[in-house]
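Topology and contacts: notes
Listed below are the residues making up each chain.
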Amino acid sequence: MSEHIHSVGRVLGDRSVLYKYLNPNLIAVVTAGGSVASQTNSVAVYLIDVVVGRIVYSAVNARCSEPVNLVHSENWIVYTYYNHKSLRHEVTVLELYEPTNYSPAGYEVCASYSVPGPAQLFLRNIFPTGWLPSFAHSPSTAHQTSSVADVGDGPGTDEHLAEDRPPSLVDSGRSIFSSLFRATDSDGICNTTGSNPLIPQVTQQSYIFSTAPTPGVAAVSLTERGITSKSIIFGLQKGSLIELPKTFFDPRRALDLSPELMEEGVLPYTPVLPLSDQAVISYNQTIMGVRAIRTAATGLESTSLVFAYGLDLFCTRISPSLTYDLLKEDFDYTAIATVTLGMIVASIATQRLAARRAVFRAWA
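A few points on the structure. If you're wondering where the values come from, they're calculated on a predicted model, not measured in any experiment.

Concerning the nonpolar core
Grouped together as the largest cluster of nonpolar side chains are 18 residues, with contacts concentrated most on Val78, Phe234, Leu244, Phe249 and Leu273. There are two domains that each give this core at least three residues, and those are domain 1 (1-127 + 175-209) and domain 2 (213-247 + 276-331). When residues no more than four places from it in sequence are discounted, the contact partners of Phe234 are Val78, Thr80, Phe209, Val217, Ala218, Ser240, Leu241, Ile242, Leu244, Phe249 and Ile293. Ranked by size, the runner-up nonpolar core spans 16 residues in total, among them Leu26, Val56, Ile77 and Tyr81.

Encoded structure:
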């Protein structure tokens, strides 16, 4: 993943944290096959760790076929397909989170060895990876380790936990995602085995896509620092581009929202995605023969560029979280300039009066 990831976790309504499964070696593959006439057609999605050659997750959608779109960003995957049983286009979202395992004291012990802490993220943004010293240890990780050690009985518990941790983490003091460690660990802090190498938690949800998307024409918005909310851009067969916020594709949406979900800002579940005319970013232009969509970051964190190419070329800019880093068009430049100039004049006059008073005191 070449995009910049701003946050490594998702804070829930009960103040707990779901850490994202950020595997840089993970790829998503969608396959379609079978016969529609014999009702053996299906669409399958595979999440594969290419370093160890292991399927992390797989799912099969029976009686489904093309057109298929696939978008993979951070810890989530969105793919579309046509459901022959329901005779409609559908979209499924998958979100992957680090496995959680709780000790009797209630502390999380699994994700602390694979998720970088705030101090590590700060240092990684300043120094290259090879320059990070051993003191760049996450305070949150150290706290979790000591909390788990308190659960054990007898002396030497801290040393035992340190011995169980992989050498790369003990020596460098940094949390580094290692596909090889997860595939070969036999007695780690989470008691994982070779057949269950810290498999991520997967949440999924499906929605109805009320219009026909163009196969292979989908992308996700990119920004310079990854702070702005994500949007997914789809190409439609009627020749337009539509932008949908990632919040629509939240697998944790429910019919009856709990107070915790409402505090998180999770939308109520509706089976049909709302496709309004305001979401069409191609305006009244018809884009013919679109083959792919490319997105790029700009100098403004709020803005992302979208470029669709094929028989026609179309480029525009989008602001998924509005233009929060730009001044409004009706901004009163005259007032702010007058106030600034007045402050400068007042500071100069005050400085001269203070110097004159100091001279009078010296002669007094």
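Having put the structure on the table, let's press on.
What about the side chain of Glu301?
By the element assignment, Glu301 lies in the loop between strand S13 (290-297) and strand S14 (304-310). Of the buried charged residues, Glu301 lacks a salt bridge, with Arg225 as the closest side chain of opposite charge at 5.9 Å. Apart from the residues lying within four places of it in its own chain, the contact partners of Glu301 are Thr223, Glu224, Arg225, Gly226, Ile227, Thr228, Tyr324 and Asp325.

A closer look at the sheet that holds strand S12 (residues 241-245)
Hydrogen bonding along the main chain pairs the strands of a sheet, whether they run parallel or antiparallel. If you walk across this open sheet you meet the three strands as S10-S11-S12, and the pairing is antiparallel. With partners counted over all chains shown, the strands left at the sheet margins are strand S10 (213-220) and S12, one partner each. Neighbour to neighbour, the strand axes of the sheet diverge by 25 degrees on average, direction disregarded. In this sheet, strand S11 (residues 231-236) lies alongside S10 in antiparallel orientation, the contact comprising four bridges. Among the inter-strand pairings, Ala218 is bridged to a residue of S11, identified as Phe234.

Remarks on a nonpolar patch on the surface
Together, Ile27, Val50, Val51 and Leu180 make up an exposed nonpolar region whose accessible area comes to about 330 Å². One can find Leu180 in helix H5 (residues 179-184).

Overview of the pairing of strand S4 (residues 42-49)
Remark: a regular strand shows side chains that alternate across the two faces of the sheet. Direction of pairing for strand S3 (residues 26-33) relative to S4: antiparallel, over a ladder of eight bridges. From the neighbouring strand, Ala32 faces S4, where its bridge partner is Val43. Relative to strand S5 (residues 54-62), S4 is paired through eight bridges, and the arrangement is antiparallel. Bridge pairing in S5 links Ile48 to Ile55. Following S4, the chain reverses through four residues before pairing antiparallel with S5; Gly53 in that reversal takes a positive phi of roughly 65 degrees.

Remarks on the packing of aromatic side chains
Aromatic rings in a pair are described by how distant their centres are and how their planes are angled relative to each other. Overall, the coordinates contain six aromatic pairs when judged by the stated rule. Measuring from centroid to centroid gives 5.4 Å for Tyr207 and Tyr269, while their planes differ by 40 degrees, and the two rings are tilted. Of this pair, Tyr207 sits in strand S9 (residues 201-209) while Tyr269 sits in the loop between helix H6 (259-264) and S13, placing them 62 residues apart in sequence. For Tyr207, a relative accessible area of 1% gives the class buried. The exposure class of Tyr269 is partly exposed, given its relative accessible area of 21%.

Criteria and cut-off values
- Residues numbered from 1 in each chain as written.
- Predicted model: local features only at pLDDT ≥ 70, side-chain atom pairs only at ≥ 80, totals over all residues.
- Heavy atoms only, no water.
- Core = buried A, V, L, I, M, F, W, Y, C linked by side-chain atoms within 4.5 Å.
- Buried < 20%, exposed > 50% of the residue type's maximum accessible area, 1.4 Å probe, protein only.
- Domains from an automatic or database assignment.
- Contact = heavy atoms within 4.5 Å.
- Helix = DSSP H or I, 4+ residues; strand = E, 2+ residues; numbered from the N terminus.
- Lys, Arg positive; Asp, Glu negative; His and termini not counted.
- Salt bridge = Lys/Arg side-chain N within 4 Å of Asp/Glu carboxyl O.
- Pairing = 2+ DSSP bridges.
- Axes fitted to C-alpha atoms, helices over the stretch in contact; angles between N-to-C directions.
- Patch = residues over 30% accessible without salt bridge, like charges linked within 9 Å, V, L, I, M, F, W, Y side chains within 5 Å.
- Areas by Shrake-Rupley, 256 points an atom, 1.4 Å probe, with all protein chains shown as cover.
- Phe/Tyr/Trp six-rings, centres within 6.5 Å; stacked < 30°, edge-to-face > 60°.

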